[in-house]
Amino acid sequence: MKALLILTLYLISGLHLVSPVKAKSCGPGFLIEGKECKDENECEDLHNPCGHHSICHNTYGSYYCTCQPGFQSRTFNFTGQSDQCQDKKRVFSEGPLSRELDV
């Protein structure tokens, strides 16, 4: 009986020493890889996150977008969810004052 108790305690303590520890969550922009969080490359992993006429720039835990030459957005750095690149000839005011410009 005493040997069974010792064996049980040994197995229980041994399980704690060899059981793998994994990250429970890494947050947005990161992937779980074993015990650690690894940066997700949204520019490669997501299908066209920035939209048309744009360039995707991966950063640690995030990404941002810029426009290709000849195109612009309302903001300098943006994500595809917040803005899109449009031809520079278009003015980015919304409403009745919107008009085309030759630039």
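Fair warning: this is a prediction, and the values are worked out from it, not measured in the lab.

## Examining the overall build of the chain
Consideration 1: For the chain, the count of helices and strands is 2 helices and 6 strands.
Consideration 2: Out of the 103 residues belonging to the chain, those deemed buried represent 21%.
Consideration 3: Once local pairs closer than 6 in sequence are excluded, the contacts in the chain between residues at least 24 apart make up 10%.
Consideration 4: For the chain, the exposed surface amounts to about 8,300 Å²; the carbon and sulfur share of it is 59%.

## Things to note about the pattern of salt bridges
Consideration 1: Tallied over the entire structure, the rule returns 1 salt bridge.
Consideration 2: Close ionic contact of Lys 38 with Glu 33 constitutes a salt bridge, the shortest N to O distance being 3.6 Å.

## Quick look at unusual backbone geometry
Consideration 1: Positioned with a positive phi, His 53 is a non-glycine residue whose angle comes to about 60°.
Consideration 2: Within the fold, His 53 resides in the loop between α2 (42-45) and β3 (54-59).

## Thoughts on the confidence of the model for the chain
Caution applies to low-pLDDT parts of the model: their predicted coordinates are not meant to be read in detail.
Consideration 1: This prediction gives the chain a mean pLDDT of 74; 64% of its residues lie at or above 70.
Consideration 2: Mean pLDDT in the chain bottoms out at helix α1 (residues 2-18), which sits at 47, and peaks at strand β2 (residues 36-39), which reaches 95.
Consideration 3: When the criterion is pLDDT under 50, residues 9-21 qualifies, and its contacts beyond four places in sequence or with other chains add up to 1 contact.

## Some remarks on the state of the cysteines
Working definition: the covalent bond between the sulfur atoms of two cysteines is a disulfide.
Consideration 1: Here the structure, examined in full by the defined rule, presents 4 disulfides.
Consideration 2: Across the disulfide, Cys 43 is cross-linked to Cys 56 (sulfur-sulfur distance 2.0 Å). Residues Cys 43 and Cys 56 are joined by a disulfide whose S-S torsion is about -75°; by sign, that bridge is left-handed. A residue pair is termed long-range when its members are at least 10 positions apart, and Cys 43 in helix α2 and Cys 56 in strand β3 qualify at 13 residues.
Consideration 3: According to the relative accessible area criterion, Cys 43 is partly exposed, its value standing at 23%.
Consideration 4: Classification of Cys 56 by relative accessible area gives partly exposed; the value is 24%.

## Some thoughts on the side chain of Glu 40
Consideration 1: Secondary-structure assignment places Glu 40 in the loop between β2 and α2.
Consideration 2: Here Glu 40 sits buried without a salt bridge, and the closest side chain of opposite charge, Lys 38, lies 11 Å off (N-O distance).
Consideration 3: In this view, Glu 40 contacts Gly 29, Phe 30, Leu 31, Asp 45, Leu 46 and Asn 58; residues no more than four positions away in its chain are not counted.

## Remarks on the environment of Lys 89
Consideration 1: Structurally, Lys 89 is set in the segment after β6 (86-87).
Consideration 2: The sequence separation of Lys 89 and Phe 71 amounts to 18 residues, and the corresponding C-alpha distance is 8.4 Å.

What counts as what
Residues numbered from 1 in each chain as written. Predicted model: local features only at pLDDT ≥ 70, side-chain atom pairs only at ≥ 80, totals over all residues. Heavy atoms only, no water. Helix = DSSP H or I, 4+ residues; strand = E, 2+ residues; numbered from the N terminus. Buried < 20%, exposed > 50% of the residue type's maximum accessible area, 1.4 Å probe, protein only. Contact = heavy atoms within 4.5 Å. Areas by Shrake-Rupley, 256 points an atom, 1.4 Å probe, with all protein chains shown as cover. Salt bridge = Lys/Arg side-chain N within 4 Å of Asp/Glu carboxyl O. pLDDT = per-residue confidence, 0-100. Disulfide = S-S within 2.5 Å. Lys, Arg positive; Asp, Glu negative; His and termini not counted.

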